[in-house]
Amino acid sequence: KNQVEQSPQSLIILEGKNCTLQCNYTVSPFSNLRWYKQDTGRGPVSLTIMTFSENTKSNGRYTATLDADTKQSSLHITASQLSDSASYICVVSTGNQFYFGTGTSLTVIP
Amino acid sequence: DTAVSQTPKYLVTQMGNDKSIKCEQNLGHDTMYWYKQDSKKFLKIMFSYNNKELIINETVPNRFSPKSPDKAHLNLHINSLELGDSAVYFCASSPPARDRIHSNYGYTFGSGTRLTVV
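Residues numbered from 1 in each chain as written. Chains lettered and ligands numbered in written order. Predicted model: local features only at pLDDT ≥ 70, side-chain atom pairs only at ≥ 80, totals over all residues. Heavy atoms only, no water.

(A) Representation of the pairing of strand β11 (residues 113-117) of chain B in the model. Residue and element names in this part refer to chain B. Alternating residues of β11 divide into T113, L115 and V117, all buried, and R114 and T116, none buried. Strand direction decides the pairing type here: strand β2 (residues 10-13) and β11, joined by 4 bridges, are parallel. Residue pairing across strands places Y10 opposite R114, the latter belonging to β11. (Buried < 20%, exposed > 50% of the residue type's maximum accessible area, 1.4 Å probe, protein only. Helix = DSSP H or I, 4+ residues; strand = E, 2+ residues; numbered from the N terminus. Pairing = 2+ DSSP bridges.)

(B) Geometry of the packing of aromatic side chains. Under the definition given, this model contains 10 aromatic pairs over all chains. Between the aromatic rings of Y36 of chain A and F109 of chain B, the centroid separation amounts to 5.6 Å while the plane-to-plane angle is 90 degrees, which identifies the pairing as edge-to-face. In this pair, Y36 of chain A sits in strand β4 (residues 32-38) while F109 of chain B sits in strand β10 (residues 108-109), so the two residues belong to two different chains. Each of the two residues, Y36 of chain A as well as F109 of chain B, counts as buried. Taken together, a centroid distance of 6.3 Å and an interplanar angle of 90 degrees make the contact between F90 of chain B and F109 of chain B edge-to-face. Note that F90 of chain B is positioned in strand β9 (residues 87-94) and F109 of chain B in strand β10, a separation of 19 residues in sequence. You'll find F90 of chain B and F109 of chain B in the same group, each marked buried. Three or more aromatic residues link up through ring pairs in this structure, and these residues are Y36, F98 and F100 of chain A together with Y33, Y35, F90 and F109 of chain B. (Phe/Tyr/Trp six-rings, centres within 6.5 Å; stacked < 30°, edge-to-face > 60°.)

(C) Examining the nonpolar core more closely. One finds V4, Y25, L33, W35, L75, Y88 and V92 of chain A to be the most contacted residues of the largest nonpolar core, which totals 25 residues. Contributions of two or more residues to this core are made by β3 (19-25), β4, β5 (45-51), β7 (62-67), β8 (72-77), β9 (86-93) and β11 (104-109) of chain A. Of all hydrophobic cores here, the second largest spans 19 residues; its members include W34, F47, L76 and C91 of chain B. (Core = buried A, V, L, I, M, F, W, Y, C linked by side-chain atoms within 4.5 Å.)

(D) The pattern of salt bridges, seen in detail. Applying the stated criterion across every chain, the model contains 5 salt bridges over all chains. One salt bridge in this structure joins D84 of chain A and R61 of chain A, with 2.8 Å as the shortest N-O distance. With D84 of chain A in the loop between β8 and β9 and R61 of chain A in the loop between β6 (56-59) and β7, this residue pair connects regions lying 23 residues apart in the sequence. Overall, the relative accessible area of 1% leaves D84 of chain A in the buried class. When its relative accessible area of 24% is taken as the criterion, R61 of chain A is described as partly exposed. Because the salt bridges share partners, they merge into one network encompassing R63, E82 and D85 of chain B. (Salt bridge = Lys/Arg side-chain N within 4 Å of Asp/Glu carboxyl O.)

(E) Up close: the interface of chain B and chain A. Counting residues at the interface gives 18 residues for chain B, matched by 19 residues for chain A. For the chain B and chain A pair, buried surface summed over both sides reaches about 1500 Å², with 60% attributable to carbon and sulfur atoms. Where chain B touches chain A, the interface holds 0 salt bridges. At the junction of chain B and chain A, the tally comes to 1 residue pair in polar contact (both at pLDDT 80 or more). Taken together, the elements giving at least two residues each to the side of chain B that touches chain A come down to β4 (31-37) and α1 (97-100) of chain B. Per-element tally for the side of chain B that touches chain A: the top contributor is β4 of chain B, with 3 residues. Looking at the side of chain B that touches chain A, its residues break down into 10 nonpolar, 4 polar and 4 charged. (Contact = heavy atoms within 4.5 Å. Buried area = accessible area lost by both parts, 1.4 Å probe. Polar contact = N/O pair within 3.5 Å; in protein donor to acceptor, adjacent residues only side chain to side chain. Nonpolar A, V, L, I, M, F, W, Y, C, P; charged D, E, K, R; others polar.)

(F) Structural detail: a nonpolar patch on the surface. On the surface, I12, L14 and I109 of chain A cluster together to form a nonpolar patch covering roughly 280 Å² of accessible area. You can see L14 of chain A is positioned in strand β2 (residues 10-14). (Patch = residues over 30% accessible without salt bridge, like charges linked within 9 Å, V, L, I, M, F, W, Y side chains within 5 Å. Areas by Shrake-Rupley, 256 points an atom, 1.4 Å probe, with all protein chains shown as cover.)

(G) Seen up close, the sheet that holds strand β8 (residues 73-78) of chain B. Residue and element names in this part refer to chain B. Pairing in this open sheet of 4 strands is antiparallel, and the strands run β1-β3-β8-β7 from one edge to the other. Each edge of the sheet is formed by a strand with only one pairing partner; in this case those strands are β1 (4-7) and β7 (64-70). Going from strand to strand, the sheet's axes swing by 20 degrees on average, the running direction of each strand aside. (Axes fitted to C-alpha atoms, helices over the stretch in contact; angles between N-to-C directions.)

(H) Layout of the sheet that holds β7 of chain A. Residues and elements named next belong to chain A. Read across the open sheet, the 5 strands follow the order β1-β3-β8-β7-β6; overall the sheet is antiparallel. The two strands at the open ends of the sheet, each matched to only one other strand, are β1 (4-7) and β6. Each strand axis lies, on average, 15 degrees off the axis of its neighbour in the sheet, ignoring direction. As paired elements, β3 and β8 share 6 bridges and run antiparallel to each other. The residue of β8 that forms the bridge with N24 is Q72.

If you want it as structure tokens, here you go:
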């Protein structure tokens, strides 16, 4: 069964600290993996997208990694800011279908 | 210049009513989607349309019906609304499969419509 699981479910960190979010998937065949940021009351916005051959992709303070062998991905946030408070959603695609994780709720406190 | 726009942003209605949510995209994408986000923030796909053809139809009640007058629009009609329909509904669009990996937009979401059935 195609599934995407994320951990932790929620996370609270101090401003300026780093954090890492995890995504494990069983989706097959694999086409690509995206990380989205969803601010409260807004639609998800794409942060990174990685294909099978890519194992790391950065977007500013966000760095995503992908291990296609173990079917794991992580999103590392460096020097967190208050504006990073949001839900982070991992989405794995077969090319035609998209499978969403349940998300990690990140709260950055001053 | 909004890429994927949904209206209304908020919708409060009584049980049994029929309502519609509109979605428009100006990205030139060929596939549009409707997602339902429940109280646990889980996004579940409801429908997708590619060139006016329904290509994904998850097990949603037939009270929900997508209508696509053209490639840039995918509206969601809901009949006989129930309390359990309360959720946030997101519209999204994506370019042709061959372009999705390289497109900066890729899979783009609207800002959501919060539906509350009372």
